[in-house]
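Listed below are the residues making up each chain.
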Amino acid sequence: MHPAVAVGLVFGGCCSNVVFLELLARYYFIMVAMFFTVSVVNNYALNLNIAMPLHMIFRSGSLIASMALGIIILKKRYSVSKYTSIALVSLGIFTCTFMSAKQVVSDSSLNEEDGLQVFLWWLLGIAALTFALLMSARMGIFQETLYKQFGKHSKEALFYNHALPLPGFLLLAPNIYHHAVLFSQSELFQVPVIGLTLPIMWFYLLMNVITQYVCIRGVFILTTECTSLTVTLVVTLRKFVSLIFSILYFRNPFTAWHWLGTAFVFVGTLMYTEVWNSLGPFLARWRKRPKEE
């Protein structure tokens, strides 16, 4: 091959490669910015008088936000059952939010002025959760259009979503350092089997990282092996089980109204995934089985 041809291939191939790489990187940076913002805001909302059960129930409203933005941005249309599920989930979130608002005010042993301040901080937490909910739904739509344009590369997206935001945590360095000091000052704990002694909060963080990886990895495997309906159903059931565990283990206040709101969110989510249509044929076969035997 003539050297001039080789030089042309180098300049032509490498320059065009840079263009396409920058184009794809630009989309990933937008998606990562959304992912980082949603993660930080969701976690910071817990510092604004937001209880963990309310936090989990509120985030279950992602179906509402996704459908609403899908109608607005992608011009989608849905069936009556979908809109009914939205109404149930919305009613459930409103019920839990309203009852939690009453608890924030009634449980405060402070004077009226301090009680108002606590309530205003709680309202700010609700606003933060609402913003994160809408931003998360917008990120989902952005991912959907990105996958349609460039193909489904879930491993690549998973890597960029978690690797690129790391420098952003430098903005939170003082807060991270403060909590690292608090972690190091916690009581010592001896890890079973290996006999290693370390502050118990570092052990909790390590276990959180490990279990979080298992969870994310499991969801990724599930998306490659099962239908989206199965994935949605499993994730919904996981949220419900986590909610029950949080209430029982951490003894969070949960009234009958909260249970009613949780039921609305749970049933509405199942209606959205149309799990009833999948269970119908299965139950019909199960009922016929004794007759055949």
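Residues numbered from 1 in each chain as written. Predicted model: local features only at pLDDT ≥ 70, side-chain atom pairs only at ≥ 80, totals over all residues. Heavy atoms only, no water.

## Things to note about the overall build of the protein chain
Then, in step 1: Scanning the protein chain for helices and strands turns up 11 helices and two strands.
Then, in step 2: Moving toward the C terminus, one meets the helices and strands of the protein chain in the order α-α-α-α-α-α-α-β-β-α-α-α-α.
Then, in step 3: Counting every position in the protein chain, which comprises 293 residues, the buried fraction comes to 30%.
Then, in step 4: Sequence separation of at least 24 residues holds for 72% of the intrachain contacts in the protein chain that already meet a minimum separation of 6.
Then, in step 5: Looking at the protein chain as shown, the accessible area adds up to about 19,300 Å², and 69% of this sits on carbon and sulfur atoms. (Helix = DSSP H or I, 4+ residues; strand = E, 2+ residues; numbered from the N terminus. Buried < 20%, exposed > 50% of the residue type's maximum accessible area, 1.4 Å probe, protein only. Contact = heavy atoms within 4.5 Å. Areas by Shrake-Rupley, 256 points an atom, 1.4 Å probe, with all protein chains shown as cover.)

## As for the packing of aromatic side chains
Then, in step 1: For the structure on display, the rule yields six aromatic pairs.
Then, in step 2: With 6.2 Å between their ring centres and 40° between their planes, Tyr27 and Phe142 make a pair best called tilted. One end of the pair, Tyr27, is in helix H1 (residues 3-44); the other, Phe142, is in helix H5 (residues 112-150), with 115 residues separating them in the sequence. Considered together, Tyr27 and Phe142 belong to a single accessibility category, that of buried residues.
Then, in step 3: The structure contains a cluster of three or more aromatic residues connected by ring pairs, namely Phe189, Phe203 and Tyr204. (Phe/Tyr/Trp six-rings, centres within 6.5 Å; stacked < 30°, edge-to-face > 60°.)

## Concerning unusual backbone geometry
Then, in step 1: If you check the backbone angles, Val193 has positive phi at about 75° while not being a glycine.
Then, in step 2: If you trace the backbone, Val193 turns up in the loop between strand E1 (188-190) and strand E2 (197-199).
Then, in step 3: Of the residues examined, Val193 reaches a relative accessible area of 88% and is grouped as exposed.

## As for a nonpolar patch on the surface
Then, in step 1: A cluster of nonpolar side chains, contributed by Leu166, Phe169, Leu171, Leu172 and Ile176, occupies part of the molecular surface with about 480 Å² of accessible area.
Then, in step 2: Within the secondary structure, Leu166 sits in the loop between helix H6 (154-163) and helix H7 (173-184).
Then, in step 3: Judged by its relative accessible area of 53%, Leu166 is exposed. (Patch = residues over 30% accessible without salt bridge, like charges linked within 9 Å, V, L, I, M, F, W, Y side chains within 5 Å. Salt bridge = Lys/Arg side-chain N within 4 Å of Asp/Glu carboxyl O.)

## Observations concerning the nonpolar core
Then, in step 1: In this structure, Ile50, Leu54, Ile57, Phe58, Ile93 and Ile126 are the most contacted members of the largest nonpolar core, which totals 26 residues.
Then, in step 2: Elements supplying a minimum of two residues to this core: helix H2 (52-59), helix H3 (62-73), helix H4 (80-106), H5 and helix H10 (256-273).
Then, in step 3: The element contributing the most residues to this core is H5, with eight residues.
Then, in step 4: One finds Tyr27, Tyr28, Phe142 and Ala157 within the second-largest nonpolar core, a separate group that totals eight residues. (Core = buried A, V, L, I, M, F, W, Y, C linked by side-chain atoms within 4.5 Å.)

## Some points on the environment of Ser79
Then, in step 1: Residue position: Ser79 is located in the loop between H3 and H4.
Then, in step 2: Sequence separation between Ser79 and Tyr272 is 193 residues, and the spatial gap between their C-alpha atoms is 9.8 Å.
Then, in step 3: A polar side-chain atom of Ser79 sits 3.0 Å from a polar atom in the side chain of Ser81. (Polar contact = N/O pair within 3.5 Å; in protein donor to acceptor, adjacent residues only side chain to side chain.)

## Quick look at H10
Then, in step 1: With 18 residues, H10 extends 26 Å between its outermost C-alpha atoms, agreeing within 8% with the 26 Å of an ideal straight helix rising 1.5 Å per residue.
Then, in step 2: Among the residues making up H10, those that are buried are His258, Gly261, Thr262, Val265, Phe266, Gly268, Thr269, Leu270, Met271, Tyr272 and Thr273.
Then, in step 3: Glu274 sits one or two residues past H10 and shows a positive phi near 60°. (Expected span 1.5 Å × (residues − 1).)

## Section: the environment of Met271
Then, in step 1: Assignment of secondary structure puts Met271 in helix H10.
Then, in step 2: For Met271 and Ser81, which are 190 residues apart along the polypeptide, the C-alpha to C-alpha distance reads 6.9 Å.

## Here we look at the confidence of the model for the protein chain
Then, in step 1: Here the protein chain averages 76 in pLDDT, and 74% of its residues register 70 or above.
Then, in step 2: Per-element mean pLDDT across the protein chain ranges from 63 in helix H11 (residues 275-292) up to 92 in H7. (pLDDT = per-residue confidence, 0-100.)

## Some thoughts on the environment of Ala132
Then, in step 1: As for its position among the elements, Ala132 is in helix H5.
Then, in step 2: The sequence separation of Ala132 and Ser62 amounts to 70 residues, and the corresponding C-alpha distance is 9.7 Å.
Then, in step 3: If sequence neighbours within four positions are ignored, Ala132 has contacts with Val38, Val41 and Asn42.

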